[in-house]
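Reading the structure
What follows is each chain in one-letter form.
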Amino acid sequence: MQILTASRRIAFVFLPFAAGYYLSYLFRTINALIAGRLSADIGLGTADVGLLTSVYFLVFAAAQIPVGVLLDRFGPRRVQSVLLLLAAVGAGLFAVSTSFRSLLIARAMIGLGVAAAFTAGLKSIILWFPSERVALLNGYMVMLGSLGAVTATAPVEHLLAWIGWRQLFEILAAATGVTAILIYVVVPERPNVPSIAHATLGSIFGDRRFWRIAPLSATCIGSAWSLQGLWASPWLADVEGFDRASLVRQLLTMSIVLSCGAWLFGTTVHYTKRRGIGAERILVMVAVLFVTAELALILRAPLPSIVPWSVVAIVGTATVASFAVMADYFPPELAGRANGALNVLHFGWAFLAQFGTGLILQQWSEDGGHRPVQAYQVAFGLNVALQIAALLWFALPWAGYLASRMRPIPVLTPADVFDLVVSVSSYEESLILLPANDDAEW
């Protein structure tokens, strides 16, 4: 089936995959709202809740490489529809679980089932849309998907006033199953881009540029997901003293900011790349802003709490910039593997940050049902230290290059400095410029 117009591409390709990503985001953030109910009904501790929520990220991360290979081999339509059916089964099991073990298995099934939600959407955009529109459409994809985070705040809170969390997951199971069928039925098949290079994982993991950008992207984006997906809620209750209604309102505001941030990133990357500015610079600015916001929280800066927490929410959508960098580094036939490889680090770090934060917080005893601010300062501060280290690692080659440029006349310059300059020059020349899809119709 050939899609000839942009509107049909949007209707039959973009929107079905956006619906799958919406459900992925909803499952990712829903535990922040129902954590109290789970603890009361099943008898879970803080570390249990942290593990239950973060196992989604662990399984999601472990699946990224195989999912990337499957997407490149079989296409996003078949992979996404099959995996979403697994997520539907996991949601159904979550609804009827009565023990921590069964909840953990169900949550892991959900994580595996939505593991292709974002990368399948990215792959479909690369296959069906012009390359110069990829960053913009990625932003729209994240914007629509992040509405799942919006849904997982006030709308779900109002719904829970009428039904329990078990009935909620029954509804989510049905919606996920319907979406899987929809994607399989309405999304057309399109052959993958013919390979013009050896499409192997080694060409990704062996690329120095990947290992330069990946730690920075993972420690920032993964931490943002960890915070908004679970630990923002306890912070607002324990440190800020918010009641339930105020807490839900702030989570709703953060989710709306998250959605708008995705659109902002997509538009910014789209227009800056047209002016020759790389997405790496945008990612660095985001990292600096994120560290500043976290320090404002840790040091209890005299700011309305919504200000730094909105920055945390926005950073969660910086995948738009990260995957734009991947699109610059690697050709289309490696898109699934490259995005999957980066997502392994994103979600792997989200798991470590989310579970690790729970373990650290549990070292402090509760006083009147609340943990002291020092517990959160230690847990959040460890994250910030690692993000600063990743930022320095990213900047290290440029610092060396600038230092070499400031040396005196070349006759007196040691040989190893020339090697450094040549290495940096070769690094710059190794960038891959992707050709535009000239036969795409808009």
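Here, every reference points to the structure presented above.
Residues numbered from 1 in each chain as written. Predicted model: local features only at pLDDT ≥ 70, side-chain atom pairs only at ≥ 80, totals over all residues. Heavy atoms only, no water.

Once that is clear, we can look at the overall build of the chain. When you go through the chain residue by residue, the secondary structure sums to 19 helices and zero strands. Counting over 442 residues, the chain shows a buried share of 53%. Within the chain, residue pairs in contact and separated by at least 24 positions form 84% of the contacts whose partners lie at least 6 positions apart. (Helix = DSSP H or I, 4+ residues; strand = E, 2+ residues; numbered from the N terminus. Buried < 20%, exposed > 50% of the residue type's maximum accessible area, 1.4 Å probe, protein only. Contact = heavy atoms within 4.5 Å.)

Assignment of secondary structure puts N343 in helix α17 (residues 335–361). A relative accessible area of 0% places N343 in the buried class. At 3.2 Å, the side chain of N343 and the side chain of H346 are in polar contact. (Polar contact = N/O pair within 3.5 Å; in protein donor to acceptor, adjacent residues only side chain to side chain.)

Next up on the list: empty space enclosed by the protein. Throughout the structure, instances matching the rule amount to three cavities of 30 Å³ or more. Approximately 80 Å³ is the volume attributed to the largest cavity. Every residue lining the largest cavity is listed: T29, A32, L33, A149, A152, T153, Q228, L251, M254 and S255. For the lining of the largest cavity, the secondary structure elements donating two or more residues are α2 (31–42) and α13 (244–274). Among the elements that take part in the lining of the largest cavity, α13 stands out by supplying three residues, more than any other. Residues that form the lining of the largest cavity fall into these classes: six nonpolar, four polar and no charged. (1 Å grid on protein atoms, 1.4 Å probe; cavity = no way out; pocket = protein on both sides within 12 Å on 5 of 7 lines; lining within 4 Å. Points joined across faces, edges and corners; volume = space filled by probe spheres on them. Nonpolar A, V, L, I, M, F, W, Y, C, P; charged D, E, K, R; others polar.)

Here the focus is the pattern of salt bridges. Scanning the entire structure with this criterion turns up eight salt bridges. A salt bridge links K123 to D72; the nearest nitrogen and oxygen atoms lie 2.7 Å apart. Taken as a pair, K123 in helix α6 (residues 117–128) and D72 in helix α3 (residues 46–74) lie far apart in primary sequence, 51 residues in all. For D72, a relative accessible area of 10% corresponds to the buried category. For E240, the salt bridge identified is with R300, shortest N-O distance 3.2 Å. (Salt bridge = Lys/Arg side-chain N within 4 Å of Asp/Glu carboxyl O.)

Moving on: the nonpolar core. The biggest cluster of nonpolar side chains holds 130 residues, and the ones touching the most others in it are F27, F94, W165, F169, W309, M326 and F380. Ranked by residues supplied to this core, first place goes to helix α12 (residues 208–238) with 15 residues. Ignoring anything within four residues of it in the chain, the contact list for M326 reads F210, I213, A338, N339 and L342. (Core = buried A, V, L, I, M, F, W, Y, C linked by side-chain atoms within 4.5 Å.)

Attention shifts here to the layout of surface pockets. When its volume is computed, the second largest pocket comes out at roughly 530 Å³. As for the second largest pocket, its lining consists of 25 residues, of which A35, G36, S233, P234 and D238 are closest to the centre. Among the elements that take part in the lining of the second largest pocket, α12 stands out by supplying six residues, more than any other. Here the lining of the second largest pocket is built from residues that sort into 13 nonpolar, seven polar and five charged.

Most of helix α15 (residues 306–315) is tucked away, with seven of its ten residues classed as buried. Within α15, burial applies to P308, W309, S310, V311, V312, A313 and V315.

Working definition: an aromatic ring pair is given by the centre-to-centre distance plus the angle between the planes. Inspection of every chain in the model, using the stated rule, returns 21 aromatic pairs. Plain terms: the ring middles of F94 and F169 are 4.3 Å apart, the flat faces sit at 25° to each other, and that makes the pair stacked. Of this pair, F94 sits in helix α4 (residues 76–96) while F169 sits in helix α10 (residues 165–186), and the two are 75 residues apart along the sequence. Given the relative accessible area of 0%, F94 is considered buried. Relative to F380, the ring of W309 lies with its centre 6.4 Å away and its plane at 85°, an arrangement referred to as edge-to-face. Residue W309 is found in helix α15, and its partner F380 is found in helix α18 (residues 373–405); the two are separated by 71 residues along the sequence. Accessibility expressed as a relative area gives 3% for F380, which makes it buried. (Phe/Tyr/Trp six-rings, centres within 6.5 Å; stacked < 30°, edge-to-face > 60°.)

So, about the environment of L136. Position of L136 relative to the elements: it lies in helix α7 (residues 134–145). Using a relative accessible area of 11% as the deciding quantity, one classes L136 as buried. The spatial distance from the C-alpha of L136 to the C-alpha of Y271 is 8.7 Å, given a sequence separation of 135 residues.

Further remarks concern the packing of α13 against helix α16 (residues 319–329). At their nearest, the axes of α13 and α16 sit 9 Å apart, and the two run at 35° to each other. As for the relative orientation of α13 and α16, their crossing is right-handed in sense. Along the contact surface, α13 presents A262, F265, G266, V269 and K273, while α16 presents V320, A321, A324 and D328. A per-class count over the contact of α13 with α16 returns six nonpolar, one polar and two charged. (Axes fitted to C-alpha atoms, helices over the stretch in contact; angles between N-to-C directions. Left-handed = near helix turned anticlockwise from the far one by under 90°.)

Assignment of secondary structure puts R77 in helix α4. For R77, a relative accessible area of 13% translates into the label buried. For R77 and A180, which are 103 residues apart along the polypeptide, the C-alpha to C-alpha distance reads 9.3 Å. Each residue touching R77, except ones within four places of it in the same chain, is listed here: F17, I183, Y184, V187, P188 and E189.

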